[in-house]
Amino acid sequence: MKLSSSFAAALAACIAIVLAPAAMAQDYPSRLIRIVVPFPAGDGSDRIARILAERMQAKWNQPVVVENRTGAGGNIGAEFVSKAPADGYTLMVTPQFTLVINKSLYPKLNYDPNAFAPVSVLVGGDIVLVTNPRVAANNVQELIALAKAKGGTMNYASPGAGSMGHLIGEYFKTREGVSIAHIPYKGGTPALMDLLAGQVDMMFVALGPTVTHVKAGKLRALGVTGEKRSRSLPDVPLMSTMLPDFVFTYWFGMVAPPATPPAITAKLSATMAEILKQPDVQQKVNDLSLEVVASTPEQMEAAMAKERERWERIIKATGVTAE
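Student: How do you make sense of the packing of aromatic side chains when you look at a structure like this?
Tutor: Each aromatic ring pair is described using two quantities: the centre-to-centre distance and the angle formed by the ring planes. Considering all chains together, one arrives at 12 aromatic pairs under this definition. Residues phenylalanine 172 and phenylalanine 246 carry aromatic rings whose centres are separated by 6.2 Å and whose planes lie at 90° to one another, so their mutual orientation is edge-to-face. Separated by 74 residues along the polypeptide, phenylalanine 172 in helix H7 (residues 164-176) and phenylalanine 246 in the loop between helix H10 (239-242) and strand E9 (249-256) bring together distant segments of the chain. An aromatic cluster of three or more residues is present, and its members are Tyr171, Phe172, Phe204, Phe246, Phe248 and Trp311. When the ring centre of tyrosine 89 is taken as origin, the NZ or CZ atom of arginine 31, which lies over that ring, is 3.8 Å away. Between the NZ or CZ atom of arginine 69 and the centre of the ring of phenylalanine 80, over which it lies, the distance is 3.6 Å.

Structural data, given as structure tokens:
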């Protein structure tokens, strides 16, 4: 059967379109890769990104740079990545709330968090409820009773309006029917410093920054929000043993711009898993009171979908806004 020249040309073009992503992945990477972190240098996502960048560069013999594009609760960096070419040379490492919370929290975004191409949930950690030692409560039940007795005079700190610490704090208040004032700060460090100084009473905060202070007796840990006890603070009970289903974890993930070919995200995901399994990298992760996850793109997509539904319900129930 003889094909017309026009049909043959069209067929060749279709084949090229189908094969192009696979060919692109086979050659990937062949130049500089940029990892955007939508939060400041020194943030947890920044530290994880820099560990990965060093190993990616060594593996592929291509430059890998970390670029901090901060502001608006991660939205500035996320918008930048959402508009980058879908070729795997611009990536984002971010805490989960940029991907699963902000869409419910902000009335308008200039990007669609659902459209990113998932690569991997890299590492995860727990939130801990800590108080200043002067607060007369040795466990969660005593804290709830104290807050009710004090009738709205207690307070809690967070890294800012719309942060995970704020959302969990408001969920705690709504669930337990207590009145505790929210004191927002511009970042986790100043909030933690005021908690240590006794300027505020309590805080839901990532486990990592608190471990040293808890062990030194400068903070009192009342409960960890994970699904299992923390290796860093094994004597601290789970919140869920006192408040059923009170489980919150946080994670840092990697995504690529929308429409990035699956062959590239799969290659990136496999590389992340390989790097994160290296013993010295695992130790660095554990030193941050985090644990390696290293999910597949499909697992990350499913996790994000599940969390978006949960956080949307919590935001609606508590009435939290980002302002």
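Student: I tried to follow the pairing of strand E1 (residues 33-37) on my own but got confused; where do I start?
Tutor: Regular strands place side chains that alternate from one sheet face to the opposite one. Where burial is concerned, most of E1 is hidden: 4 out of the 5 residues are buried. Two elements, E1 and strand E2 (residues 64-68), share 5 bridges in a ladder whose sense is parallel. Looking across to E2, one finds that isoleucine 35 is bridged to valine 66. Each parallel crossover has a hand, and for E1 linked through helix H2 (residues 44-60) to E2 it is right-handed. Looking at chain direction, E1 and strand E3 (residues 90-95) are connected through 3 bridges and run parallel. Note that in E3 the partner of isoleucine 35 across the bridge is leucine 91.

Student: I would appreciate a short explanation of the packing of H7 against helix H13 (residues 297-318) in the present structure.
Tutor: Between H7 and H13, the shortest axis-to-axis distance is 10 Å and the interhelical angle comes to 60°. Comparing the axis directions of H7 and H13 gives the class oblique. By crossing handedness, the relation of H7 to H13 is classed as left-handed. The segment H7 lies against H13, with Met164, Leu167, Ile168, Glu170, Tyr171 and Thr174 engaging Trp311, Ile314, Ile315, Ala317 and Thr318. Looking at side-chain class alone, the contact of H7 with H13 contains 8 nonpolar, 2 polar and 1 charged residues.

Student: Help me understand the side chain of threonine 265, please; the structure alone is not making it clear to me.
Tutor: By secondary structure assignment, the location of threonine 265 is in helix H11 (residues 262-276). Of note is the side chain of threonine 265, whose polar atom sits 3.0 Å from the backbone oxygen of proline 262.

Student: I'm lost on the nonpolar core in this one. Help?
Tutor: Nonpolar side chains in soluble globular proteins tend to end up buried together. In terms of nonpolar packing, the biggest core is built from 85 residues, with Met56 and Phe172 touching the most fellow members. When sequence neighbours within four positions are dropped, the list of residues in contact with methionine 56 reads Ile33, Ile35, Asn61, Val64, Leu91, Leu268, Met272 and Ile275. The next biggest cluster of nonpolar side chains, apart from the first, holds 19 residues, and it includes Leu195, Met203, Leu219 and Val224.

Student: Sorry, what's going on with the environment of isoleucine 180 here?
Tutor: As for its placement among the helices and strands, isoleucine 180 is situated in the loop between H7 and strand E6 (181-184). Between the alpha carbons of isoleucine 180 and glutamate 170 there is a distance of 8.7 Å; along the sequence they are 10 residues apart. When residues no more than four places from it in sequence are discounted, the contact partners of isoleucine 180 are Ala147, Met154, Asn155, Tyr156, Phe172, Lys173 and Met202.

Conventions used here
- Residue numbers run consecutively from 1 along every chain, following the written order of its sequence.
- Only residues with pLDDT of 70 or above have their local features reported here, since the model is predicted, and side-chain atom pairs are shown and tallied only from 80 upward, although totals for entire chains, interfaces and linings are computed over all residues.
- Excluded from the side-chain calculation are hydrogens and water; included are all heavy atoms of the structure.
- Stacked, tilted and edge-to-face pairs are distinguished by plane angle, under 30 degrees for stacked and over 60 for edge-to-face with tilted covering the rest, among Phe, Tyr and Trp rings (Trp via its six-membered ring) whose centres lie within 6.5 Å.
- Helix and strand definitions here come from DSSP, where helices need a minimum of 4 consecutive H or I residues and strands a minimum of 2 consecutive E residues; each element is numbered from the N-terminal end.
- Whether a charge sits over a ring comes down to the Lys NZ or Arg CZ being within 6 Å of the ring centre and within 35 degrees of the ring normal.
- Buried, partly exposed and exposed residues are distinguished by accessible area as a fraction of the type maximum, computed with a 1.4 Å probe on protein chains only: under 20%, between the cut-offs, and over 50%, respectively.
- When DSSP locates at least two bridges between a pair of strands, those strands are taken to pair.
- Here, the term right-handed applies to a crossover whose path from the first strand over the helix to the second runs clockwise when the strands point away from the viewer.
- Every axis in this analysis is a line fitted to C-alpha atoms, fitted for helices over the stretch in contact. Angles between the N-to-C directions lie between 0 and 180 degrees.
- We call two directions roughly parallel when the angle between them is under 35 degrees, roughly antiparallel when it is over 145, roughly perpendicular when it lies between 65 and 115, and oblique otherwise.
- Two helices crossing with the near one rotated counterclockwise from the far one by less than a right angle form a left-handed crossing, whereas a clockwise rotation gives a right-handed crossing.
- Should any heavy atoms of two residues lie within 4.5 Å, those residues are considered in contact.
- Each residue is assigned to one of three groups, with Ala, Val, Leu, Ile, Met, Phe, Trp, Tyr, Cys and Pro labelled nonpolar, Asp, Glu, Lys and Arg labelled charged, and all others, Gly among them, labelled polar.
- Polar contacts, as used here, are pairs of N or O atoms within 3.5 Å; protein pairs need one atom able to donate a hydrogen and one able to accept it. Residues neighboring in sequence count only if both atoms are side-chain atoms.
- We call a set of buried residues a nonpolar core when its members are Ala, Val, Leu, Ile, Met, Phe, Trp, Tyr or Cys and they connect through side-chain atoms within 4.5 Å of each other.

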